[in-house]
Amino acid sequence: MTESTEKMTGARALIECLYREGVDTIFGYPGGVLLPIYDELYDADVRHVLVRHEQAAVHGAEGYARATGKTGVCIATSGPGATNLVTGIANAYMDSIPMVVFTGQVPSSLLGNDAFQEANITGITMPITKHNYLVQDANDLPQVIKEAFHIASTGRQGPVLIDLPKDVTVQEIDFYYPEKVNLRGYKPTYQGNLQQIKKAASEIEKAKNPVIYAGGGVISSDASKELRELAEKVKAPVTTTLTGMGGFPVEHDLFLGMPGMHGTKYANYAIQESDLLIAVGARFDDRVTGKLKAFASNAKIIHIDIDPAEISKNVKVDIPIVGDAKWILQKLLKYAAPADSEKWLERIAHWKKDNPLYYVQPDNGDGIKPQYIIEQISEACKDAIIVTEVGQHQMWAAQYFRFSEPRTFITSGGLGTMGYGFPASIGAKIARPDKVVFDVAGDGSFQMNSQELATAVQENVPVIVAVFNNGYLGMVRQWQELFHDKRYSSTCIQNSVDFVKLAEAYGALGLRATKRDEVRPAIEEAIASGRPTVIDFVVECEENVSPMVPAGAAINEILDLERKE
Amino acid sequence: MRHTLAVLVENKYGVLSRVAGMFSRRGYNIDSLTVGVTDDPTISRMTIVVMGDDQVLEQVTKQLNKLIDVIRVTDLKSEESVERELALIKVNSDVTNRSEIMQIADIFRARIIDVASKSMVIEVTGDEGKITAIEQLLKPFGIKEMVRTGKVALRRGQKSS
C-alpha cells in the first residue's frame, strides 16, 4: 500500500478504503444517491451481493461477520433504503456484532430539507449503533472509515453507521489512508486487572459448587479454547447462553446446556445451587436470570466482561474483571487451582440423569416432532453452521443440536428478530462456502424474508432452509395455550403457502417431508443437491418448547410441558 | 441524591444529542445541563446535574463513558468543587418599591441590568441556595419572568477534572 496521495472521488476513496480494510464482500441494494458508489463497485474487486430487501443486506452482513469474526459490511440508499436497515442494525447492536453500515444521503445542500428520499438516519440510529457519522467533507472520509472499522471491531463490538451525502461521493480529494486511529474518548480495556484475576483464582480454589456461565463474549473474543481449558482445569461445569452456544462442546462431560427460560433443568438447578458463578462475556439477560432476586442467590459472582457498563447492571457482582475474555481466561488458567467440586459434579450428574431434555414421538405413528429434525440434521452434518429464525424452532435448535465449535450457531439473541435467519444464512454461506449451512426456520419467520430466495439463486448460494411448518406462529401460540386459555388470537397461519412451489418459483429446490422416515432422506438430498433448497417439514402443530420457566419465576421453578411416556 | 458531573466531550455536532439521548432512553432525568467550549477549542465541557442513588450514578457514568465522543467523566463532589449558577430575574417594580428591590439586590451582590417603568431585570450569580433565596425575596413583588443557566462547576485546587 502506498502512502503517497492520489486524486480521486469520494466514491472511489470508499472502495480504496474497503480494500485496505480487507473487505471482500458487501451486501447491498442500489439507489439514486448511491449511483457514484455503484458505478465504482461495477468493476471493483469486491463481491457485491444484491439482496431483494435492504433488511437482508444488513442481516447478510451480520451472518457473514458471525461466521468469520470479520467485520460485516453493507450498503443501502438514503431514506427508505436506510430505514429498512434499522432492524438489522438494532439486531447487531444487541448481540454485539462488528459491522460497518454505509447509507447514501441526499446532497449536503438539501440536508434537513425534507428532500426526496431523505431520512435522518444518524439521528434514527443513534441509540442502536456503537457510533455513527455523517460525512460532510470527502477529505474526512478515509479517516472516518478507518475509525469506523476500528470502533466496530474492538472493545465490545457493534455496528457503526456512516452516512454519505451524494455530493461527498463525487467530491475530488487527495486520497490518503491513515495508519492509525487516535480517539481520545475510546480506549477499550483488554488486559484485566491482575489483582482481580488473582482474587478470582482464589475464590475458585475455595469453591465447592462452581458454575461457569459463558455468553457471546466467548465467541467474539475467540476464547472457546481457553474456556474449555479453564473448565477442565478447575473442574467446573459450563452453561452457555443462546449466543454463547458453540463456545463449549455439547458432548463434553462438563457441559450443562443452556440456562434460563428454555434451558435445561440441570443448568438452572446448578446455577441456583452454586456457591460461585463465573460469568464470562455474558450479560445476565432477563431470559437467563428469570426472577432476578432469586437468581444464584447463594453464589459469589465473578463477572468477566469487556464492557464496564455491564458490571453490576442487573446482578450485583463480587469480583468484576473488565477486559477481553481470552486474555483474562489465559491469566486465570495460570493462577487458578482446581475447585473442590467432586461431590458437586456427582450431584450434577444425577440431575442430568434424572432431568434430561426429552420429547416423545407422536401418538399417530409417523408424524414428525420438530426436535427429531434437529437431531437428524445434527447426525447428518455435525459440523454444519446452524442459523435460525426466531421462535420455537430456535429453542429446539439450541437444545438439540450437538455443537462442537464456535461460530457454528448464528441466531438473533437479544433482539429476537423474525426474518433474520434466512438472509443471515446467505451471509454465513458466502463467508464459509466449505460449510453446510442450514437456516432452521419457522413457517412464520421464513415468510418475513422469503424473497431472498431470489438472492440465493442469483448469487448461487446453496443454503438449506429447513421450514418447521406447524401452521402457527408457534412461540406466541404456546404462550396463548399456557396463559390465555388456548385463545389462538392471530397466530394460526395454516395452509397459507406451498413452500415447495415457492422454492420452485424462485428456481430453488423444494422438498417436503410429512412422515418421520422422510426427514433424513430430505436432509441428505438437500445437502447433496448443492442448490439453494427449501425443505417443508410438516411437523406436529401444537408441540411446545419444554422445559420452561414461566415469566417472572425463579429459574429453578422450571416446568415440563412435554407429556411423559 | 443529586450529583454534578463534569463531562469533557469532543466539540462536534451531534454530541449534545448523543448525551441527552443516552439519558432519555435509559430513563434518567437531567436536572440541568450546561455546555460550553473549553480552553481547548476541540473540547467542550458539559456540567450535568442528575438525580439518583449511587447505582444510577454508576450506570450514568459508565454509559457516558461508552459514548465515543465523551473524553472524560468526573463526579464533582460538592465539598471538593466550586459551583455557580447565573439567573436573570424580571420583577415587577415601579417608583414605590424600586429602592427596596435595589437593596435586596445589593445584599445578594446582584446587579440591576435593565430598568423600565414597570419592571427591572436583576442579574444574580451564586450557588443554587443563593439564587433560590433571592427568588423567594423577590416573589412578593411579582416575578414576571426568570431564567437560570443551570449549574457550572470546577474542582477546587490543583487537581483538574
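Residues numbered from 1 in each chain as written. Chains lettered and ligands numbered in written order. Predicted model: local features only at pLDDT ≥ 70, side-chain atom pairs only at ≥ 80, totals over all residues. Heavy atoms only, no water.

Quick look at the overall build of chain A
Regarding its fold elements, chain A presents 23 helices and 19 strands. Scaling as 2.2 N^0.38, a compact globule of 565 residues should have a C-alpha radius of gyration of about 24 Å, and chain A matches this with 24 Å. Seen through its C-alpha atoms, chain A measures out along the principal axes to roughly 70 × 60 × 40 Å. Put simply, of all contacts in chain A between residues at least 6 apart along the chain, 75% involve residues at least 24 apart. Surface summary for chain A: the accessible area is close to 21,300 Å², and the carbon and sulfur share equals 48%. Within chain A, the 71 negative side-chain charges are centred at a point lying 7 Å from the centre of the 55 positive side-chain charges. (Helix = DSSP H or I, 4+ residues; strand = E, 2+ residues; numbered from the N terminus. Rg over C-alpha atoms; globule rule 2.2 N^0.38 Å. Contact = heavy atoms within 4.5 Å. Areas by Shrake-Rupley, 256 points an atom, 1.4 Å probe, with all protein chains shown as cover. Lys, Arg positive; Asp, Glu negative; His and termini not counted. Charge placed at Lys NZ, Arg CZ, Asp CG, Glu CD.)

As for the overall build of chain B
For chain B, the count of helices and strands is four helices and nine strands. Helices and strands in chain B line up, N terminus first, as β-α-β-β-α-β-β-α-β-β-α-β-β. Overall, chain B is about 55 × 35 × 30 Å in size when its C-alpha atoms are taken along their principal axes. When the 161 residues of chain B are sorted by exposure, 43% land in the buried category. Within chain B, contacts between residues at least 6 apart in sequence are counted, and of these 75% link residues at least 24 apart. Summing over all exposed atoms, chain B offers an accessible surface of approximately 8,700 Å²; the carbon and sulfur share of this is 52%. Side-chain charges in chain B split into 24 positive and 22 negative, and the spacing between the mean points of these groups amounts to 3 Å. (Buried < 20%, exposed > 50% of the residue type's maximum accessible area, 1.4 Å probe, protein only.)

As for the interface of chain A and chain B
Listed by partner, the interface residues are 20 residues for chain A and 21 residues for chain B. A buried area of about 1,600 Å², summed over both sides, lies between chain A and chain B, and 47% of it is on carbon and sulfur atoms. The largest contributions to the chain A side of the interface with chain B come from Met126, His131 and Arg184 of chain A, which together make up 37% of the buried area. Scanning the region where chain A abuts chain B turns up three salt bridges. Linking chain A with chain B are eight residue pairs in polar contact (both at pLDDT 80 or more). The biggest single contributor to the side of chain A that touches chain B is strand β6 (residues 131–134) of chain A, with four residues. Residue composition of the side of chain A that touches chain B, by class: ten nonpolar, five polar and five charged. (Buried area = accessible area lost by both parts, 1.4 Å probe. Salt bridge = Lys/Arg side-chain N within 4 Å of Asp/Glu carboxyl O. Polar contact = N/O pair within 3.5 Å; in protein donor to acceptor, adjacent residues only side chain to side chain. Nonpolar A, V, L, I, M, F, W, Y, C, P; charged D, E, K, R; others polar.)

Digging into the pattern of salt bridges
When charged atoms on two side chains of opposite charge get close, those side chains can pair. Residues and elements named next belong to chain A. Tallied over the entire structure, the rule returns 48 salt bridges over all chains. Among the ionic pairs, Arg283 bridges to Asp285, the shortest N-O distance being 3.6 Å. Among the residues examined, Asp285 registers a relative accessible area of 21% and is labelled partly exposed. Note that Asp434 is salt-bridged to Arg432, the shortest N-O span being 2.9 Å. According to the relative accessible area criterion, Arg432 is partly exposed, its value standing at 26%.

Details of the domain arrangement of chain A
Residue and element names in this part refer to chain A. The domains assigned to chain A are domain 1 (6–175), domain 2 (194–355) and domain 3 (370–538). When each unit is reduced to the centre of its C-alpha atoms, the spacing between domain 1 and domain 3 is 29 Å. With 26 residues of domain 1 at the interface, the matching set in domain 3 holds 27 residues. Summed over both sides, the interface between domain 1 and domain 3 buries roughly 2,100 Å², with carbon and sulfur atoms accounting for 57% of that surface. The largest share of the area that domain 1 buries against domain 3 comes from Arg52, Arg66 and Ala67, three residues that together contribute 28% of it. Where domain 1 meets domain 3, there are one salt bridge. The interface formed by domain 1 and domain 3 includes twelve residue pairs in polar contact (both at pLDDT 80 or more). Top element by residues in the side of domain 1 that touches domain 3 is helix α3 (residues 54–68). It accounts for eleven residues. Broken down by class, the residue content of the side of domain 1 that touches domain 3 amounts to ten nonpolar, eleven polar and five charged. (Domains from an automatic or database assignment.)

Quick look at unusual backbone geometry
Residue and element names in this part refer to chain A. Geometrically, the link from Ser546 to Pro547 is a cis peptide bond, its omega value of -5° lying close to zero. Mapped onto the secondary structure, Pro547 falls in the segment after β19 (533–538). Positioned with a positive phi, Asp222 is a non-glycine residue whose angle comes to about 60°.

Remarks on the domain arrangement of chain B
Frequently, the measure chosen for interface size is the accessible area that the parts lose on association. Residues and elements named next belong to chain B. Split into domains, chain B comes out as domain 1 (2–76) and domain 2 (82–155). Taking the mean C-alpha position of each, domain 1 and domain 2 sit 29 Å from one another. Taken over both partners, the interface formed by domain 1 and domain 2 buries close to 710 Å², and the fraction arising from carbon and sulfur atoms is 49%. Joining domain 1 to domain 2, the criterion identifies one salt bridge. Ionic pairing is found between Glu128 and Arg2, a salt bridge with its closest N-O pair at 2.7 Å.

Here's the deal with the environment of Val315 of chain A
All names here are of chain A. By the element assignment, Val315 lies in the loop between β12 (300–305) and β13 (319–322). Considering only alpha carbons, one finds Val315 and Arg283, 32 residues apart in sequence, at a separation of 9.1 Å. Setting aside residues up to four positions removed in sequence, Val315 forms contacts with Phe284, Leu292, Phe295 and Ile301.

Thoughts on the confidence of the model for chain B
In this model, chain B carries an average pLDDT of 93, and 98% of its residues clear a pLDDT of 70 or more. For this predicted complex, the interface score ipTM comes out at 0.89, while the overall pTM is 0.95. (pLDDT = per-residue confidence, 0-100.)

Regarding the side chain of Gln376 of chain A
Relative to the helices and strands, Gln376 of chain A resides in helix α16 (residues 370–380). Every residue in contact with Gln376 of chain A, bar those within four places of it in the chain, is listed here: Val519, Arg520 and Ile523 of chain A.

A short note on the nonpolar core
Residues and elements named next belong to chain A. One finds Ile212, Ile302, Leu332, Ile386 and Phe537 to be the most contacted residues of the largest nonpolar core, which totals 70 residues. Residues lining this core come from more than one domain, with at least three contributed by each of domain 2 (194–355) and domain 3 (370–538). Filtering out sequence-adjacent residues up to four positions away, Ile212 remains in contact with Leu227, Leu230, Ala231, Ala236, Pro237, Val238, Thr239, Ile278 and Val280. (Core = buried A, V, L, I, M, F, W, Y, C linked by side-chain atoms within 4.5 Å.)

What to know about the packing of aromatic side chains
Residues and elements named next belong to chain A. Tallying each qualifying case throughout the model produces 15 aromatic pairs over all chains. Pairing Phe422 with Phe446 gives two aromatic rings, centres 5.4 Å apart and planes at 70°, and the pair type is edge-to-face. Of the two residues, Phe422 sits in helix α18 (residues 421–431) while Phe446 sits in helix α19 (residues 443–446), which places them 24 residues apart along the sequence. Here Phe422 and Phe446 have matching classes, each one buried. Centroid distance Phe468 to Phe537: 6.3 Å. Interplanar angle 65°. Geometry classified as edge-to-face. You can see Phe468 sitting in strand β17 (residues 464–469) and its partner Phe537 sitting in strand β19, a full 69 residues away along the chain. Exposure class is identical for Phe468 and Phe537. Each is buried. One aromatic cluster in this structure is built from Tyr213, Phe284 and Phe295. A cation over an aromatic ring shows up here: Lys331 above the ring of Trp327, its NZ or CZ 4.7 Å from the ring centre. (Phe/Tyr/Trp six-rings, centres within 6.5 Å; stacked < 30°, edge-to-face > 60°. Lys NZ or Arg CZ within 6 Å of the ring centre and 35° of its normal.)

Regarding the UniProt feature "domain: Thiamine pyrophosphate enzyme central" (unreviewed entry) in chain A
As recorded in UniProt, the feature "domain: Thiamine pyrophosphate enzyme central" (unreviewed entry) lies at residues 197–332 of chain A. Span residues 197–332 of chain A is 35% helix and 17% strand, its end C-alpha atoms 6 Å apart. (UniProt positions renumbered as here; feature names shortened; annotations may be inferred.)

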